[in-house]
Amino acid sequence: MNLKKSVYSVIGVMSGTSLDGIDLAEVTFRFEDSGVVQYEFGAFQTVPYPDAWKYSLKEAIHYSEGRIRGLNTEYTRYLASVVNTFIKEYSIVELDAICSHGHTIFHQPDKGITLQIGNLPELATLLKQLVVCDFRVQDVVLGGQGAPLVPVGDQLLFSEFDYCLNLGGFANCSFQLHDERIAYDICPVNIVLNRLAEALGVPYDDGGQIAKNGTVNAILLDALNANSYYQKQPPKSLGLEWVATQIFPELEASVISTEDKIATVTEHIAIQLAANFKPHSSVLVTGGGAYNSFLLESVSYHKDLKLKVPEPQLVEFKEALVFAVLGVLRLRGEVNCLASVTGAERDHSSGQIFQYES
């Protein structure tokens, strides 16, 4: 499809590995003749997952193939109901498309595997809208990591910063190096911190206060920092499977308190983040981890950086915004996956387009 015009009204939909919920953002994009892309938020909302869905999505990595197929159908219907409720609640009309990431169950690009559920053709029928989704699969087929995909949006919308850093389930960054966009996953963040916090009866470490009052354990810190992933050159990406085999066993083997584990993991994250930025650089920080003020203080302790946490709207909905623009680029037949980022054999325009029968 090649639907080129100057203004698009779409909804970006994102569900991340931290399982905070489904982020929805109504966005208007204006494509100027100069190549500049302007954006404006309309309505936006995060719909938290009910406990049953949170459990299913967390455990799905262990499900049989048949059970995952069933989950995919159920989740597609659930996602449609969430989006339809959002559209109705905010009286949203005249949309060009719904641009949806879906929810990642498997991401093993080295084995040619990536699965985001909620991307079935039925989604367009249930929404009665044009749907652009399933952005990662084509990149993996082309030999890429299928991640991260946000850098195209960073390049288009936030080029004034030296680096764009997202602190979600994982930390990923992107930056311009000469005439190429470089991006990769740095380390796990909330996918680990939130699980530890839940063991203490809270959903997350609010502002990093648990970490601030804990004690960093040198043995565990050294073990985490010694992981071979941190020596790999990009393109590279992380997934739940890596955390399950590389990080959780280290934490489970440690006999220190959960509070001290949170303190140690937070210090580990700060060290890894600081190592990936040049001194005195400007860094746009988004994602739920941007509210972890102690983590950001720890990063600044390790390296002098200009960390910019923008307005809450952008902090929380940047990924929904970016998948919205990825969907628009797909509709325009323009590149939305960069080989320099994912390692695919070429730049390409990725994503399934599903139309509905009116």
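For the structure, see preceding data.
If you're wondering where the values come from, they're calculated on a predicted model, not measured in any experiment.

Cut-offs applied
- Counting restarts for each chain: residues are numbered from 1 in the order of the written sequence.
- Totals for whole chains, interfaces and linings use every residue, but because this is a predicted model, local features are given only for residues with pLDDT of at least 70 and side-chain atom pairs only at 80 or more, for both listing and counting.
- The side-chain quantities take in all heavy atoms of the structure and omit both hydrogens and water.
- Throughout, nonpolar core names a set of buried Ala, Val, Leu, Ile, Met, Phe, Trp, Tyr and Cys residues whose side chains join them through atoms within 4.5 Å.
- Each residue is assigned to one of three classes by its accessible area relative to the maximum for its type, calculated with a 1.4 Å probe on protein chains only: buried under 20%, partly exposed between the two thresholds, exposed over 50%.
- Put simply, DSSP H or I for four residues or longer makes a helix, DSSP E for two residues or longer makes a strand, and each gets a number counted from the N terminus.
- Whether two strands pair comes down to DSSP finding at least two bridges between them.
- Lining residues are defined by having an atom within 4 Å of a point belonging to a cavity or pocket. Those points lie on a 1 Å grid over the protein atoms alone, cavities being sets where a 1.4 Å probe fits but cannot get out and pockets being open sets with protein on both sides within 12 Å along at least five of seven lines.
- Grid points are joined across faces, edges and corners, and a volume is the space filled by probe spheres set on the points.
- Ten residues, namely Ala, Val, Leu, Ile, Met, Phe, Trp, Tyr, Cys and Pro, are considered nonpolar, four, namely Asp, Glu, Lys and Arg, are considered charged, and the remaining ones, Gly among them, are considered polar.
- Just to be clear on terms, a salt bridge is a Lys or Arg side-chain nitrogen sitting within 4 Å of an Asp or Glu carboxyl oxygen.
- Every axis in this analysis is a line fitted to C-alpha atoms, fitted for helices over the stretch in contact. Angles between the N-to-C directions lie between 0 and 180 degrees.
- Roughly parallel covers angles under 35 degrees, roughly antiparallel covers those over 145, roughly perpendicular covers 65 to 115, and oblique covers all other angles.
- Rotating anticlockwise by less than a right angle from the far helix to the near helix defines a left-handed crossing, while the corresponding clockwise rotation defines a right-handed one.
- By the convention used here, residues are in contact when the closest approach between their heavy atoms is within 4.5 Å.
- Identification of polar contacts relies on pairs of N or O atoms within 3.5 Å, with a donor-acceptor requirement for protein atoms, meaning one able to donate a hydrogen and the other able to accept it, and with residues adjacent in sequence counted only if both atoms are side-chain atoms.
- When we speak of the arc, we mean the arc of directions from the helix axis to the C-beta atoms.

Caption draft 1: Quick peek at the nonpolar core. Formed by 44 residues in total, the largest nonpolar core has its most connected members in Leu-165, Leu-167, Ile-186, Val-192, Leu-273 and Phe-277. In terms of nonpolar packing, the next biggest core, distinct from the first, is built from 38 residues, Phe-31, Val-37, Phe-135 and Leu-329 among them.

Caption draft 2: Geometry of the pairing of strand 4 (residues 97-100). On strand 4, burial covers both faces: Ala-97 and Cys-99 on one face and Ile-98 and Ser-100 on the other are all buried. Direction of pairing for strand 1 (residues 7-15) relative to strand 4: parallel, over a ladder of four bridges. Of the residues in strand 4, the one forming a bridge with Val-10 is Ala-97. One ladder, built from three bridges, connects strand 4 with strand 7 (residues 131-133); its direction is parallel. Within the sheet, the bridge partner assigned to Cys-99 lies in strand 7 and is Val-132.

Caption draft 3: Broad picture of the layout of surface pockets. There is about 360 Å³ of room inside the second largest pocket. What lines the second largest pocket is a set of 19 residues, and nearest its centre among them are Asp-110, Lys-232, Ser-237, Leu-238 and Trp-242. Of all the secondary structure elements, the ones that give two or more residues to the lining of the second largest pocket are strand 5 (103-108) and helix 9 (240-253). Per-element tally for the lining of the second largest pocket: the top contributor is helix 9, with four residues. Of the residues contributing to the lining of the second largest pocket, the split by class is five nonpolar, nine polar and five charged.

Caption draft 4: Looking closely at unusual backbone geometry. At the junction of Ala-147 and Pro-148, the peptide bond is cis and its omega measures out at -15° in the coordinates. Assignment of secondary structure puts Pro-148 in the loop between helix 4 (137-141) and helix 5 (151-157). Each neighbour pair has its own omega, and for Pro-234 with Pro-235 the value is 10°, a cis peptide bond. Residues other than glycine seldom take positive phi values, yet Ser-91 does so here, at roughly 50°.

Caption draft 5: Up close: the pattern of salt bridges. Across all of its chains, the model carries eight salt bridges by this definition. Arg-69 is paired through a salt bridge with Glu-65; the nearest N and O atoms lie 3.4 Å apart. Of the two residues, Arg-69 and Glu-65 are both situated in helix 2 (residues 65-89); the distance of four residues between them amounts to about one turn of the helix. Among the salt bridges present, the one from Arg-332 reaches Glu-334, with a minimum N-O distance of 3.2 Å. A cluster of three or more residues bridged by salt bridges with shared partners is formed by Lys-4, Arg-332 and Glu-334.

Caption draft 6: Spotlight on the packing of helix 8 (residues 218-225) against helix 10 (residues 258-275). Their axes nearest at 9 Å, the elements helix 8 and helix 10 cross at an angle of 40°. If you check the angle between helix 8 and helix 10, you find them oblique. Between helix 8 and helix 10 the crossing geometry is right-handed. Of helix 10, the residues touching helix 8 (which contributes Leu-220, Leu-221, Leu-224 and Asn-225) are Lys-261, Thr-264, Val-265, Glu-267, His-268, Ile-271 and Gln-272. Of the residues assigned to the contact of helix 8 with helix 10, the class counts are five nonpolar, four polar and two charged.

Caption draft 7: Fine view of the side chain of His-103. Following the sequence through the fold, His-103 ends up in strand 5. Side-chain polar atoms of His-103 contact the side chain of Ser-15, separated by 2.6 Å. Among residues more than four places away in sequence, those in contact with His-103 are Ser-15, Gly-16, Leu-19, Tyr-49, Leu-57, Tyr-75, Leu-115, Gln-116 and Ile-117.

Caption draft 8: Broad picture of the sheet that holds strand 7. In spatial order, the strands read 3-2-1-4-7-13; together these six strands make up an open sheet with mixed pairing. The open sheet has two free edges, formed respectively by strand 3 (37-47) and strand 13 (352-354), since each of these has just one partner strand. Averaged over all neighbouring strand pairs, the angle between strand axes comes to 20°, with direction disregarded. As defined by bridge partners, strand 7 adjoins strand 13 across three bridges and the pair is classed as antiparallel. By the bridge assignment, Cys-133 is partnered in strand 13 with Gln-352. Across the sheet, helix 2 lies against strand 1, strand 2 (22-31), strand 3 and strand 4, angled at about 60° from strand 2, the strand it touches most. Strands in contact with helix 12 (residues 312-332) are strand 1, strand 2, strand 3, strand 4, strand 7 and strand 13; relative to strand 2, the strand with the most contacts, it is inclined by about 55°.

Caption draft 9: Representation of the side chain of Ser-282. Relative to the helices and strands, Ser-282 resides in strand 11 (residues 282-286). According to the relative accessible area criterion, Ser-282 is buried, its value standing at 16%. In this structure Ser-282 touches Glu-160, Phe-161, Asp-162, Tyr-163 and Lys-306, once residues within four positions along its chain are discounted.

Caption draft 10: Looking closely at helix 1 (residues 51-59). Burial in helix 1 covers these residues: Trp-53, Ser-56 and Leu-57. Buried residues along helix 1 cover an arc of 95° about the axis, so they all sit on one side. Residues of helix 1 that are exposed and angled more than 90 degrees away from the buried face: Asp-51 and Tyr-55. The elements touched by buried residues of helix 1 are helix 2, strand 5 and strand 6 (113-117).

Caption draft 11: Structural detail: the sheet that holds strand 11. Overall, mixed pairing links the five strands, which are arranged 10-9-8-11-12 in an open sheet. With partners counted over all chains shown, the strands left at the sheet margins are strand 10 (180-188) and strand 12 (306-308), one partner each. Along the sheet, successive strands turn relative to each other by an average axial angle of 20°, direction set aside. In this sheet, strand 11 lies alongside strand 8 (residues 163-167) in parallel orientation, the contact comprising four bridges.

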